[in-house]
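Residue-level listing of the chains:
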Amino acid sequence: GKVRAPTHIISTISDDRGEEPCYAGVPMSSIVEKGFGVGDVISLLWFKRSLPRYCTQFIEICIMLCADHGPCVSGAHNTIVTARAGKDLVSSLVSGLLTIGPRFGGAIDDAARYFKDAHDRGLTPYEFVENMKKKGIRVPGIGHRIKNRDNKDKRVELLQKFARTHFPSVKYMEYAVQVEAYTLTKANNLVLNVDGAIGSLFLDLLAGSGMFTKQEIDEIVEIGYLNGLFVLARSIGLIGHTFDQKRLKQPLYRHPWEDVLYTK
Ligand code: ACO
Ligand code: LMR
């Protein structure tokens with residue numbers, strides 16, 4: 001029979017060899033003709049399947065809500081400083097992106113991991129939070145610098161409202177809300193944050209849509225797809241901040257001495 005030379009790369013999400021590129025087998029023309037949006041493209045390229053409209057709409061809402069959060073947050077600050085140092089768009093963008101991690105914007109995957117594990121093992125919020133405390137791990141998806149019990153994060157409320165209306169089940173999100181109720185007894189700022197809301201609700205999306213096997217859900221959570229939503233979303237804002245600084249012809253940034261505690 002024919003002997004095929006071994007390939008150096010395996011790829012399963014897109015194919016550019018034909019007349020038109022295909023995303024997960026769907027040709028570009030039908031993506032345009034069917035009026036697909038960025039949520040559909042993410043479904044095809046990340047999850048290798050077309051998801052129901054409420055799922056793609058949820059993905060798009062996540063992207064829109066996380067696109068920016070003002071100039072003071074870690075990512076935007078880095079981007080602004082970099083743009084003002086005269087660097088190009090890509091440098092300014094990645095400088096901001098590099099701040100995304102366990103404390104800022106990159107807690108979605110861990111929130112999903114820990115909420116899923118605790119929920120599926122039937123831990124009460126008390127047991128879950130206290131176990132985390134014993135291990136010295138902050139609960140991912142809980143806590144915020146400027147948001148608190150009396151000044152809740154509007155983004156979280158909007159995501160919850162959408163999911164309560166459109167998702168068949170929001171059991172993971174309800175679990176996260178119970179965790180929040182417990183952490184709020186400890187401190188005022190230990191609210192469910194936007195990372196925690198997206199992490200728990202994406203679990204509900206994966207489990208409730210009927211589009212994923214249990215094994216696939218475990219793989220998505222284990223590999224960690226969900227921080228990608230924040231990275232993608234926040235790139236929109238970081239690019240905006242770069243253009244803003246350039247448009248405003250802002251000079252090199254230097255932090256004021258008065259704002260540094262020089263000490264031995
Ligand atoms: N779980 C348990 N306890 C917490 C948590 C948490 N998630 N967050 C704060 N605390 C408690 C701790 O006792 C902490 O003391 P420690 O420093 O000894 O651990 C105490 O509150 C003081 O924390 P603050 O200084 O008030 O918290 P800060 O404002 O510095 O941190 C932050 C805010 C970074 C978001 C924090 O709450 C945290 O690490 N959360 C988990 C990670 C996370 O979800 N990040 C995403 C935030 S949303 C976003 O970035 C888009
Ligand atoms: C954000 O979306 O950037 C914020 O929730 C983080 C912050 O510090 O406000």
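Structure: see above.
Everything quoted here is computed from the prediction, not taken from an experiment.

Q: Break down the packing of aromatic side chains for me, citing the residues and quoting the values.
A: Applying the stated criterion across every chain, the model contains 11 aromatic pairs. With centroids separated by 5.9 Å and ring planes inclined at 25 degrees, the aromatic side chains of Phe 47 and Phe 202 adopt a geometry described as stacked. Here Phe 47, found in helix H2 (residues 38-47), pairs with Phe 202, found in helix H10 (residues 194-208); they are 155 residues apart in sequence, far enough to count as distant. For Phe 47, a relative accessible area of 4% corresponds to the buried category. The buried category is assigned to Phe 202, whose relative accessible area is 0%.

Q: With reference to specific residues and values, describe the site of ligand 2.
A: As a structural note, the neighbourhood of ligand 2 is formed by His 69, Val 73, Phe 104, His 144, Arg 155 and Arg 234. Take His 69: an N or O atom from its side chain is 3.0 Å from an oxygen atom of ligand 2. One nitrogen or oxygen atom from the side chain of Arg 234 is found 2.8 Å from an oxygen atom belonging to ligand 2. If ligand 2 stood free it would expose 270 Å²; the protein chains cover 83% of that surface.

Q: How would you sum up the site of ligand 1? Please name residues and give values.
A: With respect to spatial proximity, 18 residues lie near ligand 1, and among them Arg 138, Val 139, Gly 141, Ile 142 and Asn 193 are the closest. Contact distances for ligand 1 include 3.0 Å between a nitrogen atom and a backbone N or O atom of Arg 103. Relative to its free-state accessible area of 920 Å², ligand 1 is covered by the protein chains to the extent of 67%. Across the shell around ligand 1, the residue classes break down as nine nonpolar, five polar and four charged.

Q: Please provide a residue-by-residue account of the pattern of salt bridges, values included.
A: A complete count under the given rule lists 13 salt bridges for this structure. A salt bridge links Lys 152 to Glu 180; the nearest nitrogen and oxygen atoms lie 3.8 Å apart. Of this pair, Lys 152 sits in the loop between helix H7 (125-135) and helix H8 (154-166) while Glu 180 sits in helix H9 (residues 171-183), placing them 28 residues apart in sequence. Take Glu 180: its relative accessible area is 7%, and that puts it in the buried class. When salt bridges with common partners are traced through the structure, they connect Lys 116, Asp 120, Lys 214 and Asp 218 into a single cluster.

Q: Mind laying out helix H11 (residues 214-223), listing which residues take part and the relevant values?
A: Three or more residues of H11 are buried, namely Ile 217, Ile 220 and Val 221. For H11, the arc enclosing every buried residue in end-on projection is 95 degrees, short of the 170-degree limit, so these residues lie on one face. Away from its buried face by more than 90 degrees, H11 exposes Gln 215, Glu 222 and Ile 223. If you follow the buried residues of H11, they end up packed against H2, helix H6 (108-120) and H10. Backbone geometry just downstream of H11 places Gly 224 in the positive-phi region, at approximately 90 degrees.

Calculation notes
- Residues numbered from 1 in each chain as written.
- Chains lettered and ligands numbered in written order.
- Predicted model: local features only at pLDDT ≥ 70, side-chain atom pairs only at ≥ 80, totals over all residues.
- Heavy atoms only, no water.
- Phe/Tyr/Trp six-rings, centres within 6.5 Å; stacked < 30°, edge-to-face > 60°.
- Helix = DSSP H or I, 4+ residues; strand = E, 2+ residues; numbered from the N terminus.
- Buried < 20%, exposed > 50% of the residue type's maximum accessible area, 1.4 Å probe, protein only.
- Near = heavy atom within 4 Å.
- Polar contact = N/O pair within 3.5 Å; in protein donor to acceptor, adjacent residues only side chain to side chain.
- Areas by Shrake-Rupley, 256 points an atom, 1.4 Å probe, with all protein chains shown as cover.
- Nonpolar A, V, L, I, M, F, W, Y, C, P; charged D, E, K, R; others polar.
- Salt bridge = Lys/Arg side-chain N within 4 Å of Asp/Glu carboxyl O.
- Arc of directions from axis to C-beta.
- Contact = heavy atoms within 4.5 Å.

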